[in-house]
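In case you want the letters, here they are:
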Amino acid sequence: MEETLAPFTSVNLSLKPSEPGGQQQHQWGSWAHAPWCPCPGEVTFLDRGLNALSSSPLGRNFYYITILRDPVSRYLSEWRHVQRGATWKASLHVCDGRSPTTEELPSCYTGDDWSGCSLQEFMDCPYNLANNRQVRMLSDLSLVGCYNLSVMPEEQRNKVLLDSAKENLKRMAFFGLTEFQRKTQYLFEKTFNMNFISPFTQYNSTRASSVEIDKQTQQRIEALNFLDMELYDYAKDLFLQRYQYMRQKEHQEARRKRQEQRKILRAKQAHLREQSENNSSSTDYIGNVERWRR
């Protein structure tokens, strides 16, 4: 059975109430910049919250999904966000059961926030978690000693993180790309057999797109996010492969249904012809009997 969903953002997924006798209603939970980690506590918290909203609590299967963004655009967007006063103070960065020390994860600024920082200042901080954020969020940090950079050489650490992020992304139930909104919607709907109420909108005008940077600055951002750049290339290739596979599968299914319909139609036509021939034979026989009686 197909089910209908309202459009969602990376922060919140919501549903309109189900129509009487219509589609099933789903509950969604999501986190902004949620890290990859075994999070039984968060899942239990979510499960309890959903049970409180349901008249008949049930066991649930949880599917992890994510949306990736072009690394340069994502980086600029985060800079603008921080520039307006946003912080990640509520993020505990828990890994292997503990948060990093201030020596392991120094702050880029003093004071309450980093509002008003220039792009140059943002890029110059070596501890900026905006660098390669998507790889770090999708990888298992416990494989590299969490935020302790002395556990292994930098080159080895980068390779382990990138490989982990790729593997985790590949194993996710679904992932999408912001630059392919309609394809993302299509894949989601086909993957989960659900339909969104309205089509996704491709917004090409964003806060990040309004920032004009020269080629040198772009190259600097790409260098700072070299792991994210490689992950995104991998993700785009995998995403388009999945999209093409799903389209081919849809075309094959449509072709199979048309063949079945033609087969049924031919069977009906053959049956009608047989009935017509039988009726004609019966009529001829009755006519002959009447003539014999005369």
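Residues numbered from 1 in each chain as written. Predicted model: local features only at pLDDT ≥ 70, side-chain atom pairs only at ≥ 80, totals over all residues. Heavy atoms only, no water.

With that settled, consider the side chain of Glu78. Checked against the element boundaries, Glu78 lands in helix 2 (residues 71–83). With residues near it in sequence (within four places) discarded, Glu78 still touches Trp88, Phe122, Ala130 and Arg133. (Helix = DSSP H or I, 4+ residues; strand = E, 2+ residues; numbered from the N terminus. Contact = heavy atoms within 4.5 Å.)

Moving on, we get to the pattern of salt bridges. Applying the stated rule across the entire model yields 11 salt bridges. In this structure, Arg74 and Glu78 form a salt bridge, with 2.7 Å as the shortest nitrogen-oxygen distance. Here Arg74 pairs with Glu78, and both are found in helix 2, just four residues apart, close to one helical turn. Overall, Glu78 belongs to the buried group, its relative accessible area being 5%. When the shortest N-O distance is used, the salt bridge between Glu167 and Lys170 registers 3.5 Å. Taken together, the residues Glu167 and Lys170, both in helix 5 (residues 154–171) and three residues apart, mark about one turn of the helix. (Salt bridge = Lys/Arg side-chain N within 4 Å of Asp/Glu carboxyl O. Buried < 20%, exposed > 50% of the residue type's maximum accessible area, 1.4 Å probe, protein only.)

Summed over all chains, the structure comprises 12 aromatic pairs. Measuring from ring centre to ring centre gives 5.9 Å for Tyr109 and Trp114, while their planes differ by 25°; the resulting arrangement is stacked. Among the residues examined, Tyr109 registers a relative accessible area of 23% and is labelled partly exposed. Ring centres of Phe180 and Phe239 lie 5.9 Å apart, and the angle between their planes is 15°; this geometry places the pair in the stacked category. One end of the pair, Phe180, is in the loop between strand 3 (174–177) and helix 6 (181–192); the other, Phe239, is in helix 8 (residues 226–293), with 59 residues separating them in the sequence. Given the relative accessible area of 1%, Phe239 is considered buried. (Phe/Tyr/Trp six-rings, centres within 6.5 Å; stacked < 30°, edge-to-face > 60°.)

Applying the stated criterion to the full structure yields two disulfides. At a sulfur-sulfur separation of 2.0 Å, the disulfide partner of Cys95 is Cys146. Residues Cys95 and Cys146 are joined by a disulfide whose S-S torsion is about -75°; by sign, that bridge is left-handed. Of this pair, Cys95 sits in the loop between helix 2 and helix 3 (119–124) while Cys146 is found in the loop between helix 4 (133–138) and helix 5, placing the two residues 51 residues apart along the sequence. Comparing Cys95 with Cys146, the two get one shared label, buried. Covalently, Cys108 is tied to Cys125 through a disulfide, its sulfur atoms 1.9 Å apart. On the sign convention where negative means left-handed, the S-S torsion of about -85° between Cys108 and Cys125 marks this disulfide as left-handed. Placement of the pair is Cys108 in the loop between helix 2 and helix 3 and Cys125 in the loop between helix 3 and helix 4, with a sequence separation of 17 residues. When its relative accessible area of 24% is taken as the criterion, Cys108 is described as partly exposed. What makes Cys125 buried here is its relative accessible area of 8%. (Disulfide = S-S within 2.5 Å.)

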